[in-house]
Amino acid sequence: MKFSEELVAAGQPILHEIYQHPFVEGIGNGDLPKEALTFYVGQDYNYLNAFIKVYADAIQKSQTRADMAIFAKQIDFILNSEIHPHHNFCNVAGVKYETLQHEPQAPGTYLYNEHMYRAARTGDLIDIVAAMTPCPWTYLEIANRFVK
Ligand SMILES: Cc1ncc(C[n+]2csc(CCO)c2C)c(N)n1
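Each value, and the rule that gives it
Residues numbered from 1 in each chain as written. Predicted model: local features only at pLDDT ≥ 70, side-chain atom pairs only at ≥ 80, totals over all residues. Heavy atoms only, no water. Helix = DSSP H or I, 4+ residues; strand = E, 2+ residues; numbered from the N terminus. Rg over C-alpha atoms; globule rule 2.2 N^0.38 Å. Buried < 20%, exposed > 50% of the residue type's maximum accessible area, 1.4 Å probe, protein only. Near = heavy atom within 4 Å. Polar contact = N/O pair within 3.5 Å; in protein donor to acceptor, adjacent residues only side chain to side chain. Areas by Shrake-Rupley, 256 points an atom, 1.4 Å probe, with all protein chains shown as cover. Nonpolar A, V, L, I, M, F, W, Y, C, P; charged D, E, K, R; others polar. Contact = heavy atoms within 4.5 Å. Phe/Tyr/Trp six-rings, centres within 6.5 Å; stacked < 30°, edge-to-face > 60°.

Asker: Explanation requested: the overall build of the protein chain in the structure shown.
Answerer: Across its full length, the protein chain holds nine helices and zero strands. The secondary structure elements of the protein chain, listed N-terminal to C-terminal, are α-α-α-α-α-α-α-α-α. Taking 2.2 N^0.38 as the reference for a compact globule, 148 residues should give roughly 15 Å; the C-alpha atoms of the protein chain span a radius of gyration of 16 Å, in line with that estimate. Along the longest, intermediate and shortest principal axes, the C-alpha atoms of the protein chain span 45 × 40 × 25 Å. Taken across its 148 residues, the protein chain has 32% of its residues classed as buried.

Asker: I keep staring at the site of the ligand and nothing clicks. Help me out?
Answerer: Of all residues adjacent to the ligand, which total 15 residues, the nearest are Asp 44, Tyr 55, Gln 74, Glu 82 and Tyr 139. Here Glu 82 contributes a side-chain N or O atom positioned 2.6 Å from a nitrogen atom of the ligand. Note that a nitrogen atom of the ligand is positioned 3.4 Å from one of the side-chain N or O atoms of Tyr 139. About the coverage of the ligand: the protein hides 90% of its 430 Å² of free accessible area. Mapped onto the shell around the ligand, the elements with two or more residues apiece are α4 (34-61), α5 (65-80), α6 (83-93) and α9 (134-147). Of the residues forming the shell around the ligand, the biggest block, six residues, is contributed by α4. For the shell around the ligand, the residue count by class is eleven nonpolar, two polar and two charged.

Asker: What exactly am I supposed to notice about the side chain of Ser 62 here?
Answerer: Secondary-structure assignment places Ser 62 in the loop between α4 and α5. In this structure the side chain of Ser 62 is engaged in a polar contact, spanning 2.8 Å, whose partner is the backbone oxygen of Ala 58. With residues near it in sequence (within four places) discarded, Ser 62 still touches Asp 67, Met 68, Phe 71 and Leu 125.

Asker: In this structure, what is going on with the packing of aromatic side chains? I would like to understand it.
Answerer: The relation between two aromatic rings is expressed through the spacing of the ring centres and the mutual angle of the planes. All told, the structure shown has seven aromatic pairs when counted by the stated rule. Centre to centre, the rings of Tyr 45 and Tyr 97 are 5.8 Å apart; their planes meet at 90°, and the pair counts as edge-to-face. One end of the pair, Tyr 45, is in helix α4; the other, Tyr 97, is in the loop between α6 and α7 (107-122), and 52 residues separate them in sequence. Residue class for Tyr 45 comes out partly exposed when judged on its relative accessible area of 23%. On the basis of relative accessibility, which here comes to 5%, the residue Tyr 97 falls in the buried class. With a centroid separation of 5.3 Å and an interplanar angle of 25°, the aromatic rings of Tyr 47 and Tyr 112 are classed as stacked. With Tyr 47 in helix α4 and Tyr 112 in helix α7, this residue pair connects regions lying 65 residues apart in the sequence. What makes Tyr 47 buried here is its relative accessible area of 6%. For Tyr 112, a relative accessible area of 23% puts it in the partly exposed group. Members of the aromatic cluster, joined through ring pairs, are Tyr 47, Phe 51, Tyr 55, Phe 71 and Tyr 112.

Written as structure tokens, this is what we have:
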């Protein structure tokens with residue numbers, strides 16, 4: 001078994017709780033209150049700003065151009081591609097994206113952002129990657145489950 005497969009296997013109990021979260025179920029069946037969508041976009045916008053900054057820290061700690069290119073590509077992806085789902089959510093909720101870009105940080109957002117910032121301040125490159133990976137990886141697992 002690959003190390004990545006071991007991690008996904010060990011994370012199954014957490015993933016199952018995520019699959020059953022009302023927000024994730026609501027995305028799956030297309031039934032979410034407008035407030036849930038706007039709260040998500042406002043917090044995710046804030047969180048992705050932190051994510052971009054921590055990728056920049058990862059570039060600082062990179063030893064090779066190949067590693068720098070991976071992180072630079074991810075920054076570009078967040079800036080130019082992750083805005084599309086945000087726009088879609090805003091269209092469904094009937095609000096302007098710009099109105100959700102200065103929301104106060106909710107406690108969960110603050111804690112996860114601080115977790116990433118701490119890894120960047122005190123850790124090596126591998127610590128930064130470990131702190132950042134759960135989000136995109138969890139999204140991938142959720143998306144795979146939706147398309148099954
Ligand atoms: C709208 C939106 N889409 C995906 C993610 C998860 N995520 C966070 S960063 C990233 C790109 C990989 O670096 C991905 C897929 C999110 N939080 N918000």
